[in-house]
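Each chain, letter by letter, is given below.
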Amino acid sequence: LAIAQVGAFSMIGAGRATRAGIVVAVGALVRYSAASLLLVLGWGPSGVFIGFSAGDLVLAVSSIFLALRWIHSSGEQRVDGRAVTAYMISVLASSLIGYGVSQTDRLLAFLQRGFSDLALYNAASVGAAVAAFAPAAVTNVLVPILSSLREEDYPHMREILRIYTRYVSLVSFPMGFG
């Protein structure tokens, strides 16, 4: 998934946010459709894992293909494989740590209470996760933009970050308690 993030975020940073959104949406559609189908067909938790893996693979392959195609057609930059690899490893490590931490409560709920109570817990926790969506969505767009600023644009960066903090706080803070 870290590789897919490089492709999708590269597309966003290149001004191709609409295409990146379509690729991410198609990956999610494949992910949840395959997981649901395999679950209904009796594959159980392994079917969900296979479905999610299929969606992640579609996202990774399509986003990297489109990002590399755009980079090669622009003729502006060459891809530095070492920098991309270092970035992917750091994103993968932080994603695995974040995923592990964020799923611990679900694992404990399953081990203590079983599938039915885990389903109820998951439904309730989705509502709380909405509060985290606003900062993540804005950050995914904002970071590539900020990274493309030149040194003479740095004074504007402070103003952009101030506005970002204000509006994301106004949206996500009340939702965290709602």
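Everything discussed here concerns the structure shown above.
Note that the coordinates shown come from a computational prediction; the quantities given were computed from them, not determined experimentally.

Undergrad: Explain the overall build of the chain to me, and be specific about the residues and the numbers.
TA: The number of helices and strands found in the chain is six helices and zero strands. Evaluated residue by residue, the chain yields a buried proportion of 20% over its 178 residues. Considering only residue pairs separated by 6 or more positions, the chain has 60% of its internal contacts joining residues 24 or more positions apart. Total accessible area on the chain is roughly 12,300 Å²; 69% of this is exposed by carbon and sulfur atoms.

Undergrad: Describe the packing of aromatic side chains, and please don't skip the residues or the numbers.
TA: Scanning all chains against the criterion turns up one aromatic pair. Judged by centre distance (5.3 Å) and plane angle (85 degrees), the rings of Tyr-32 and Phe-52 are edge-to-face. With Tyr-32 in helix H2 (residues 17-40) and Phe-52 in helix H3 (residues 44-74), the pair connects residues that are 20 residues apart, well separated along the chain. Since its relative accessible area comes to 46%, Tyr-32 is described here as partly exposed. On the basis of relative accessible area, Phe-52 is assigned to the partly exposed category, the value being 25%.

Undergrad: Please set out the side chain of Ser-63 residue by residue, giving values where relevant.
TA: Here Ser-63 lies in helix H3. By relative accessible area, Ser-63 is classed as buried at 0%. A polar contact is formed between the side chain of Ser-63 and the backbone oxygen of Leu-59, at a distance of 2.7 Å. Only 3.4 Å separates the side chain of Ser-63 from the backbone oxygen of Ala-60, close enough to count as a polar contact.

Undergrad: For a nonpolar patch on the surface, give the residues involved together with the corresponding values.
TA: A surface patch of nonpolar side chains, amounting to about 560 Å² of accessible area, comprises Leu-37, Leu-41, Trp-43, Phe-49 and Ile-50. Inspection of the secondary structure assignment puts Leu-37 in helix H2.

Undergrad: Explain H2 residue by residue, including any values.
TA: If you check H2, its first and last C-alpha atoms are 34 Å apart, about what 24 residues at 1.5 Å a residue would give, namely 34 Å. Residues of H2 that are buried: Ala-20, Val-23, Gly-27, Arg-31, Ala-35 and Leu-38. One or two steps after H2, the chain reaches Gly-42, where phi turns positive at roughly 95 degrees.

Undergrad: Run through the side chain of Arg-31, naming residues and quoting values.
TA: Mapped onto the secondary structure, Arg-31 falls in helix H2. Apart from the residues within four sequence positions on either side, Arg-31 is in contact with Gly-51, Phe-52, Gly-55 and Asp-56.

Undergrad: Tell me about the nonpolar core, residues and numbers included.
TA: The biggest cluster of nonpolar side chains holds six residues, and these are Met-11, Ile-12, Ala-20, Val-23, Leu-59 and Ala-67. Mapped by element, the contributors of at least two residues to this core are helix H1 (2-13), H2 and H3. The residues touching Ile-12, leaving out its near neighbours within four places in the chain, are Ala-17, Ala-20, Asn-140, Val-141 and Pro-144.

What counts as what
Residues numbered from 1 in each chain as written. Predicted model: local features only at pLDDT ≥ 70, side-chain atom pairs only at ≥ 80, totals over all residues. Heavy atoms only, no water. Helix = DSSP H or I, 4+ residues; strand = E, 2+ residues; numbered from the N terminus. Buried < 20%, exposed > 50% of the residue type's maximum accessible area, 1.4 Å probe, protein only. Contact = heavy atoms within 4.5 Å. Areas by Shrake-Rupley, 256 points an atom, 1.4 Å probe, with all protein chains shown as cover. Phe/Tyr/Trp six-rings, centres within 6.5 Å; stacked < 30°, edge-to-face > 60°. Polar contact = N/O pair within 3.5 Å; in protein donor to acceptor, adjacent residues only side chain to side chain. Patch = residues over 30% accessible without salt bridge, like charges linked within 9 Å, V, L, I, M, F, W, Y side chains within 5 Å. Salt bridge = Lys/Arg side-chain N within 4 Å of Asp/Glu carboxyl O. Expected span 1.5 Å × (residues − 1). Core = buried A, V, L, I, M, F, W, Y, C linked by side-chain atoms within 4.5 Å.

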